[in-house]
Amino acid sequence: MNETQKDFKMQELHTPSAFEGALWACLGIKGADTIFHSPPGCYINQHVNALVNDWTCELYSTNLSYANIMQGAEDRMETTLQKIAAKKPGAILIVTAPTVEVTRDDVEGVVKKAGFKDTVIIHPPIGGSLVEGKETAFIRILDLVDPTAKKVSRSVNIIGPTFSTFNWRADVYELTRMLAGIGVTVNCVYTAGATIGQIKNAAQAELNLCIYPYDSGVRVAQEMEKRFGIPYMADIIPIGFGNSAAWVEQIADFFKVDAGPYLKETMANAFEFISSNMVFTVTFEMTAALSLENANTYAVGISEFLNKEVGVGIVMTAVSNHDAAKRIEALCDDVLICPTIEQKRDKFVEKGPMVIYGNFYDKKVSMDEGFKNFIFSDIPTIGYLSSENCPFMGFMGAKYLVEGLVNEVYMGIFLETKGDMMGSISTGSVPWDIAAEQAMIKVGEMIPHFVRATALKKLHSVAEQIAKERGTNVTLSIFREVSDKFTPTKFKAKFAAVFGDDSASAPAAEDDEEVPISSLTFTMAWDNEAKGMLELVPSPFRQAAVSGTEDYARGKSRDTVIGATVEEFRKELGM
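Since the structure is predicted, the reported quantities are computational estimates derived from the model, not experimental observations.

A. A look at the overall build of the protein chain. The helix and strand tally for the protein chain stands at 25 helices and 15 strands. Of all 575 residues assigned to the protein chain, the portion counted as buried reaches 54%. Pairs at least 24 residues apart make up 72% of the contacts formed inside the protein chain by residues separated by at least 6 positions. Carbon and sulfur atoms provide 54% of the accessible area of the protein chain, an area that totals close to 25600 Å².

B. Region of interest: the sheet that holds strand 1 (residues 32-37). Ordered in space as 2-1-3-4, the four strands form an open sheet in which the pairing is parallel. Pairing within the sheet leaves two strands with one partner each, and these edge strands are strand 2 (59-61) and strand 4 (119-122). The average angle at which neighbouring strand axes cross in this sheet is 25°, direction not considered. Of the strand pairs in this sheet, strand 3 (residues 91-96) and strand 4 are connected by four bridges, and their pairing is parallel. The partner of Ile92 across the bridge, within strand 4, is Thr119. Across the sheet, helix 4 (residues 74-86) lies against strand 1, strand 2 and strand 3, angled at about 170° from strand 1, the strand it touches most.

C. Highlighting the pattern of salt bridges. Summed over all chains, the structure comprises 20 salt bridges. Between Glu304 and Arg327 there is a salt bridge, with the nearest N and O atoms lying 2.7 Å from each other. Remark: Arg327 occurs in helix 15 (residues 322-328) and Glu304 occurs in helix 14 (residues 296-310); sequence separation between them is 23 residues. The shortest N-O distance in the salt bridge between Arg345 and Glu369 comes to 3.4 Å. Here the residue Arg345 occupies a position in helix 16 (residues 341-351), and Glu369 occupies one in the loop between helix 17 (360-368) and strand 13 (374-376), the gap between them amounting to 24 residues. A single salt-bridge network, built from bridges that share partners, covers Arg140, Asp143, Glu223 and Arg227.

D. Seen up close, the pairing of strand 3. The buried fraction of strand 3 is high, at six of six residues. The two faces of strand 3 match: Ala91, Leu93 and Val95 on one face and Ile92, Ile94 and Thr96 on the other face are all buried. Of the strand pairs in this sheet, strand 1 and strand 3 are connected by six bridges, and their pairing is parallel. Each bridged residue has a counterpart across the sheet, and for Thr34 the counterpart in strand 3 is Leu93.

E. Quick look at helix 10 (residues 218-228). Of the residues making up helix 10, those classed as buried are Val218, Val220, Ala221, Met224 and Phe228. What you see down the axis of helix 10 is that its buried residues fit within an arc of 160°, all on one side. Those residues of helix 10 that are buried are in contact with helix 7 (130-141), strand 5 (155-159), strand 6 (185-190), strand 7 (207-210) and strand 8 (232-233). Backbone geometry just after helix 10 places Gly229 at a positive phi near 70°.

F. Highlighting the packing of aromatic side chains. Counted according to the given criterion, the structure contains 14 aromatic pairs. An angle of 55° between the planes, with centres 5.9 Å apart, marks the rings of Trp432 and Phe479 as tilted. You can see Trp432 sitting in the loop between helix 18 (394-416) and helix 19 (434-446) and its partner Phe479 sitting in helix 21 (residues 476-486), a full 47 residues away along the chain. Its relative accessible area of 0% is what places Phe479 among the buried residues. Through a chain of ring-to-ring contacts, three or more aromatic side chains come together here, namely Phe166, Tyr212, Tyr298, Phe392 and Tyr400. Seen from the ring of Phe522, Lys531 lies directly overhead, with NZ or CZ sitting 4.8 Å from the centre.

Cut-off values and rules
One numbering rule holds for all chains: residues counted from 1, following each sequence as written. Only residues with pLDDT of at least 70 get local features here, since the model is predicted, and only at 80 or more are side-chain atom pairs given and counted; chain-wide, interface and lining totals rely on the full set of residues. Side-chain measures here rest on the full set of heavy atoms in the structure, leaving out hydrogens and waters. Each helix corresponds to a stretch of at least 4 residues labelled H or I by DSSP, and each strand to a stretch of at least 2 residues labelled E; elements are numbered beginning at the N terminus. Classification of residues uses two cut-offs on accessible area relative to the type maximum, computed with a 1.4 Å probe and protein chains only: under 20% is buried, over 50% is exposed, and between them is partly exposed. The contact definition used throughout considers only heavy atoms, calling two residues in contact when any of these lie within 4.5 Å. Calculation of accessible area relied on Shrake-Rupley with a 1.4 Å probe; when residues are assessed, cover is drawn exclusively from the protein chains displayed. For two strands to be treated as a pair, DSSP must find no fewer than two bridges joining them. Lines fitted to C-alpha atoms define the axes, with helix axes restricted to the stretch in contact, and inter-axis angles between N-to-C directions lie between 0 and 180 degrees. Any Lys or Arg side-chain nitrogen found within 4 Å of a carboxyl oxygen on Asp or Glu counts as a salt bridge. When we speak of the arc, we mean the arc of directions from the helix axis to the C-beta atoms. Here the aromatic set is Phe, Tyr and Trp, taking the six-membered ring for Trp, and pairing holds for ring centres within 6.5 Å; pairs whose planes are under 30 degrees apart are stacked, those over 60 apart are edge-to-face, and all others are tilted. Definition used: whenever NZ (Lys) or CZ (Arg) falls within 6 Å of the ring centre and also within 35 degrees of the ring normal, the charge is taken to sit over that ring.

Remember, this is a structural readout, not a statement about activity or role.
What follows is the structure in structure tokens.
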């Protein structure tokens, strides 16, 4: 490979490139105009993305044609630059597209000829990651900073937020509020939301705070320490009550201020929130999966908060940063680095989490597999409003994470059972076989405790009702049929093991025998495709599958069961 040859890498849909990262770092600066030196297709895609994820921005394009790319695009760059310079913006930021990087246009020569003073040229690395694009832009934008700016006492720069960073506005607002509580002011947010004047005066700060250290900002903080003598902090992630308090204490120690009174009041409020709401009642025994390749810092912070402070088990995490993965491995045995969408889909199914944190594509594949509980925590999302007003960081962020989790899962449990969890309390008039009673006890131990009593009440009542109709005791097979029909999908595999153990010791071996399709009882007409799909159902559950499917068909006012009906019912159950 010669020195000019570039290595192109395939990008997954959910992992933006270095060019997007560089653009996003530029677009959030107020008073600066950004030129994307690119063909119109690339520009349109990026402008639409910016409008979907954030407010309006000043983004322009050189609109290169095929001929421009083949023969040189310096003329297009010069024309566009002259038009933008005539507006006299605070600065001009030029981001070159991959096509320009390949053809090696002399952008620097054009900029020198135009003579506009505050012009920054950013060449994102071809095949580079989102983080590499952001860091490249961050460091180039430092050329605008005045190194002679006078320090402002007890002031900090917040480093890392860019356009299309999930939740950046809400996080910055909450962290700024917390800093004000100990008398510290924010000099500049580098870069999203900052004015060009704040960027130029970034050297006034006495301390830099990297709030997304596993995503971007550390490299530019290190460079600012070299150029301007500003130390930085990047070790504590302010997510959760404990880490948020530690973050404030660390900053207070740096400035030699007393954070005690502020933290005492704040933590008392946090304790009151946790103890007065149904938090641990719901989160105990809960499991979660985090798919956050574009929000590695969130993956670390949320996993530690949920596991250590809320009691949620982290069963799977997907990230793109190796250091983040190493830190999370202490809490989660299954950490994936840069997985494909298909790999994540398979892992969701294998782990069966009660809630999934992720982006739009994670939402889509999890819904296809029947998962009901989902919390947006990464890009891409449907739009910026989904991440505009509720922080994940700080004390308010900890409250919101708890609130969102409890609401999503608690409601999801009852939606999955279609609200049909209530039933009359058993009268005790129907005798139970010992095997059935033991199975019910074991099933109860597997159901999350916050719905255990209600769920067992329903199972008990329906089992006795069926036994009465059939003129028998409540047998193991009856209880198996009821539990399969009325319990959430994510627990069915565990319940199957319970019935397998009990049936092995039961007097009758009928539950272990193969149940052929021809022996099943049908009360409705089934076509051949629908019956064929029953072969995929484990033998002991086939009669229950027939009954459940027929109930579903009747609920849809259908008098026959076809293959499409079985598929609809399967997806509704999340199977």
